[in-house]
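# A look at the structure
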Amino acid sequence: ETAGICLIINNEKFDGELKLTERRGSDIDRDQIKTFFQKLKFKVIVYENLTANVMQEKLNETSKQEVKESHDCFVCFILSHGEMGYVVYGTDCQEVPLLSLTTPFHKGHCPQLENKPKLFFVQACQGNQYNRGSINLADQLEEDSAKKFKVMEEGDFLLSFASLQGYASMRSPTTGTWFIASMISVFHEHYQEYDKFIICFLGVFLLKI
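First things first, this report covers the structure right here in the doc. As the structure is a prediction and not an experimental result, all values here were calculated from the model.

## Some details on the overall build of the protein
Across its full length, the protein carries five helices and 13 strands. In the protein, buried positions account for 50% of the 209 residues. By element, 48% of the accessible surface of the protein is carried by carbon and sulfur atoms, the whole surface being about 10,400 Å².

Shown next, in the form of structure tokens:
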């Protein structure tokens, strides 16, 4: 019996008017996430290079066909390009508001997850400004190139983003993104100390970075 569903949408290659660049290194993030959640006995579902409409279709299918009453939680990782206003892009360069991807897991649509954690981690830019801190590593990294919706009133959702509004996130073609690499590293180090790994995320990951 699985602990829950971990859904990964990994958009690397894009074809559309915006001419979005290939997200080299995203496969490293995908593999790190998959390995860790399989270790936690999750059923991991991976989709590669989805258009905007198909992204929505796959989230709808997952909420209706994959989520079981016995599952403890649902986890979704969206690895793609993005823009301000909590928008991500399909591989056809069409915008997808994150709200439309979380809606299928509201209690009215997915009662199996009522009062259970529904966690969404978004590795995508939310603008093009740089927030480099005290060390400039721009020569080694690529910008994860990059309107608005209100945060839903439904409970038990955690939405976590790789960057602040207006800022780019950083991705290395050889080591993946800072956000995913740091998160998985902390999960590996601390998950056995807690009954639910979400406590690890809230209590340790946010402090460490």
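## Let's talk about the environment of Gln126
Residue placement: Gln126 occurs in the loop between strand 7 (118-123) and strand 8 (127-129). Look at Gln126 and you get buried, because its relative accessible area is 3%. On a C-alpha basis, the gap between Gln126 and Glu83 in space is 4.3 Å, while along the polypeptide they are 43 residues apart.

## Some details on the packing of aromatic side chains
Inspection of the entire model under this criterion finds ten aromatic pairs. For the ring pair Phe74 and Phe105, a centre distance of 4.1 Å and an interplane angle of 15° mean the geometry is stacked. Of this pair, Phe74 sits in strand 3 (residues 73-79) while Phe105 is found in the loop between helix 3 (98-102) and strand 7, placing the two residues 31 residues apart along the sequence. Note on Phe105: relative accessible area 0%, which makes it buried. Through pairs of rings, three or more aromatic residues link up here, namely Phe36, Phe37, Phe42, Phe77, Phe121 and Phe187. The residue whose ring lies beneath Lys118 is Phe157, and the NZ or CZ to ring-centre distance is 5.4 Å.

## Some points on the pairing of strand 7
The buried fraction of strand 7 amounts to six of the six residues, a majority that puts the element mostly inside the structure. Relative to strand 7, strand 3 is paired through six bridges, and the arrangement is parallel. Of the residues in strand 7, the one forming a bridge with Val75 is Leu119.

## A few points about the packing of helix 1 (residues 26-39) against helix 4 (residues 178-190)
One way to put it is that helix 1 packs onto helix 4 with a least axis distance of 10 Å and a crossing angle of 20°. Taken as axis vectors, helix 1 and helix 4 run roughly parallel relative to one another. You can see that helix 1 and helix 4 cross each other, and the crossing is left-handed. Between helix 1 and helix 4, the contacting residues are Asp29, Gln32, Ile33, Phe36, Phe37 and Lys39 on the first element and Ile180, Ala181, Ile184, Phe187 and His188 on the second. Taken together, the residues that form the contact of helix 1 with helix 4 break down as seven nonpolar, two polar and two charged.

## Remarks on the state of the cysteines
For the coordinates displayed, the defined rule picks out zero disulfides. Of all cysteine sulfurs in the structure, the one in Cys6 sits closest to Cys73, which takes part in no disulfide; the separation is 9.0 Å. Among the residues examined, Cys73 registers a relative accessible area of 8% and is labelled buried.

## Details of the sheet that holds strand 6 (residues 95-97)
The strands that make up a sheet pair up through hydrogen bonds in the backbone, lying either parallel or antiparallel. Pairing is antiparallel across the open sheet formed by three strands, whose spatial order is 4-5-6. Two strands bound the open sheet, and with one partner strand each, they are strand 4 (82-83) and strand 6. With two bridges connecting them, strand 4 and strand 5 (residues 87-89) associate as antiparallel partners. Following the sheet pairing, Glu83 is matched in strand 5 by Val87.

## Structural notes on helix 2 (residues 52-66)
For helix 2, which comprises 15 residues, the first-to-last C-alpha distance of 21 Å matches the rise-based estimate of 21 Å (1.5 Å per residue) to within 8%. Inspection of helix 2 places Ala52, Met55, Gln56, Lys58, Leu59, Thr62 and Ser63 among the buried residues, and these make up the whole buried set. Take helix 2 and look down its axis: the buried residues cluster within an arc of 160°, on one side only. Opposite the packed face of helix 2, turned more than 90 degrees from it, sit the exposed residues Asn53, Lys64 and Gln65.

Reading the values: rules and limits
- Residues numbered from 1 in each chain as written.
- Predicted model: local features only at pLDDT ≥ 70, side-chain atom pairs only at ≥ 80, totals over all residues.
- Heavy atoms only, no water.
- Helix = DSSP H or I, 4+ residues; strand = E, 2+ residues; numbered from the N terminus.
- Buried < 20%, exposed > 50% of the residue type's maximum accessible area, 1.4 Å probe, protein only.
- Areas by Shrake-Rupley, 256 points an atom, 1.4 Å probe, with all protein chains shown as cover.
- Phe/Tyr/Trp six-rings, centres within 6.5 Å; stacked < 30°, edge-to-face > 60°.
- Lys NZ or Arg CZ within 6 Å of the ring centre and 35° of its normal.
- Pairing = 2+ DSSP bridges.
- Axes fitted to C-alpha atoms, helices over the stretch in contact; angles between N-to-C directions.
- Parallel < 35°, antiparallel > 145°, perpendicular 65-115°, else oblique.
- Left-handed = near helix turned anticlockwise from the far one by under 90°.
- Contact = heavy atoms within 4.5 Å.
- Nonpolar A, V, L, I, M, F, W, Y, C, P; charged D, E, K, R; others polar.
- Disulfide = S-S within 2.5 Å.
- Expected span 1.5 Å × (residues − 1).
- Arc of directions from axis to C-beta.

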